[in-house]
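Okay, here's what each chain looks like letter by letter:
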Amino acid sequence: MLILGIDTSCDDTSAAVIKDGSFVLSNVVSSQTEIHREFGGVVPEVAARHHIELIIPVIKQALAKANITKEQIDLIAITNGPGLITSLMVGIDTAKSLAYSLNKKIIAINHLEGHIYANWLENKNKIIFPALCLIVSGGHTELVIIKDHLNYQVIGQTRDDAAGEAFDKVAKLLNIGYPGGPIISKLADNGDNQAYNFPRPMINSKDFDFSFSGLKTEILKLTKKHPNLDKQQINNICASFQKAVVDTLVFKTIKAAKEYHVKTIMLGGGVSANKCLRKDIKQKIQQEIPNSHFSLLKFQFTSDNGAMIAAAAYQHAIRKKFTDFIKIAPETNLIL
Ligand code: KG4
Ligand code: ZN
């Protein structure tokens, strides 16, 4: 089964062709990072305008790279939320028009479901249920139990900022650039992660929720008190902040994995590219729950891409769950 997957939920215009839910024939992502850098964050209207310019060239490139014609596609998968409304609209309208003109079926996919299914891409290891996925992106932080395909239970989420958002906001406070995640991670390599004793928010709460806005406030107070931080101090703040976020994420994930007796643990979303998170979670799983398997998401599928949307759609398609009427759902969570 050949699925064309499209995602325009935020600032990346992406299209991919996936065979049988996991083989990536092409995955084209046109990043707008350089365009939004000067604004220090994604400007929704600017993102939508670029999606309009890029969407057809990106789809054409995805088909060409996969070496197929548009007539050979079996169905089209499109993200219908959560995300920026104007960005989502471009992808949805394009997908609908394409499906209508080619007489193909269409499946609307929740973006977070896509981040979970990125784990099935180019993965030779079988993912055994029940599984636990820590979704950590720019807009969301969620712990999700996957009892079986398409059967989700959100057991925890952030009460304020998402993990990626915290990285981006802290980078802004430190004036080190955008997007914050990869920059903080790089500077952290040359910093001391014990230099500052930042809190591990909500680590002792009984639930599986997170909160990162207080951590951001700690760094705001620090930058106000010390406006002229030198390079090494900034590296130390980056390393200590990253460790505080990672410790919190890892602690709650391990706790949830034990309580729900999951067989597989996986990550999803842009922050799962973080080297410290990948290393620490793997180590803690080996030490504390060696009978659970850690499925390491391939680096290229951590951030937004069309391939993960197609991978999720495959599971719907083989169960004949097609979408007759697409609703745009910019605010939805992963409660399907
Ligand atoms: O999943 P994603 O590409 O888009 C959303 O759905 O939001 O995630 C983007 C987020 C940004 O906040 C970015 O700073 C963060 O992922 N990110 C990272 C790293 N690479 C990207 N955060 C921490 N460490 C990284 N290496
Ligand atoms: Zn995303």
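Residues numbered from 1 in each chain as written. Chains lettered and ligands numbered in written order. Predicted model: local features only at pLDDT ≥ 70, side-chain atom pairs only at ≥ 80, totals over all residues. Heavy atoms only, no water.

(A) Just the site of ligand 1, in detail. Around ligand 1, a shell composed of 18 residues is seen, among which Gly138, Asp168, Gly181, Gly270 and Asn274 lie nearest. Residue His111 places a side-chain N or O atom 3.2 Å away from an oxygen atom belonging to ligand 1. A distance of 3.0 Å separates an oxygen atom of ligand 1 from a polar atom in the backbone of Gly181. About the coverage of ligand 1: the protein hides 84% of its 560 Å² of free accessible area. Among the cavities detected, the one that contains ligand 1 is the largest pocket. (Near = heavy atom within 4 Å. Polar contact = N/O pair within 3.5 Å; in protein donor to acceptor, adjacent residues only side chain to side chain. Areas by Shrake-Rupley, 256 points an atom, 1.4 Å probe, with all protein chains shown as cover. 1 Å grid on protein atoms, 1.4 Å probe; cavity = no way out; pocket = protein on both sides within 12 Å on 5 of 7 lines; lining within 4 Å. Sits in = over half its atoms within 2 Å of the grid points.)

(B) Quick peek at the sheet that holds strand E3 (residues 23-30). Read across the open sheet, the five strands follow the order E3-E2-E1-E4-E5; overall the sheet is mixed. Looking along the sheet, the strands with just one partner apiece sit at the ends: E3 and strand E5 (105-110). Taking each pair of neighbouring strands and ignoring which way they run, the sheet shows an average axis angle of 20°. Of the pairings in the sheet, the one linking strand E1 (residues 2-7) to strand E4 (residues 75-81) comprises four bridges and is parallel in character. What sits directly across from Leu4, in E4, is Ile76. In the packing of helix H2 (residues 44-66) onto the sheet, the strands contacted are E1, strand E2 (13-19) and E3, and the crossing angle to E2 comes to about 25°. Along the sheet, helix H10 (residues 306-317) contacts E1, E2, E3, E4 and E5; its crossing angle with E1, the most-contacted strand, is approximately 130°. (Pairing = 2+ DSSP bridges. Helix = DSSP H or I, 4+ residues; strand = E, 2+ residues; numbered from the N terminus. Axes fitted to C-alpha atoms, helices over the stretch in contact; angles between N-to-C directions. Contact = heavy atoms within 4.5 Å.)

(C) Broad picture of the layout of surface pockets. By volume, the largest pocket amounts to about 1,600 Å³. Along the wall of the largest pocket there are 50 residues; nearest its centre are Cys10, Ser137, Gly138, Asp168 and Pro179. Those elements that place two or more of their residues in the lining of the largest pocket are helix H1 (33-37), helix H4 (111-117), helix H5 (163-173) and helix H6 (180-188). In terms of residue count, H5 provides more of the lining of the largest pocket than any other element does, seven residues in total. Split into classes, the residues belonging to the lining of the largest pocket amount to 16 nonpolar, 22 polar and 12 charged. Both domains that furnish three or more residues to the lining of the largest pocket are identified here as domain 1 (2-117 + 301-327) and domain 2 (127-297). (Points joined across faces, edges and corners; volume = space filled by probe spheres on them. Nonpolar A, V, L, I, M, F, W, Y, C, P; charged D, E, K, R; others polar. Domains from an automatic or database assignment.)

Function cannot be read off these values alone, since they describe shape.
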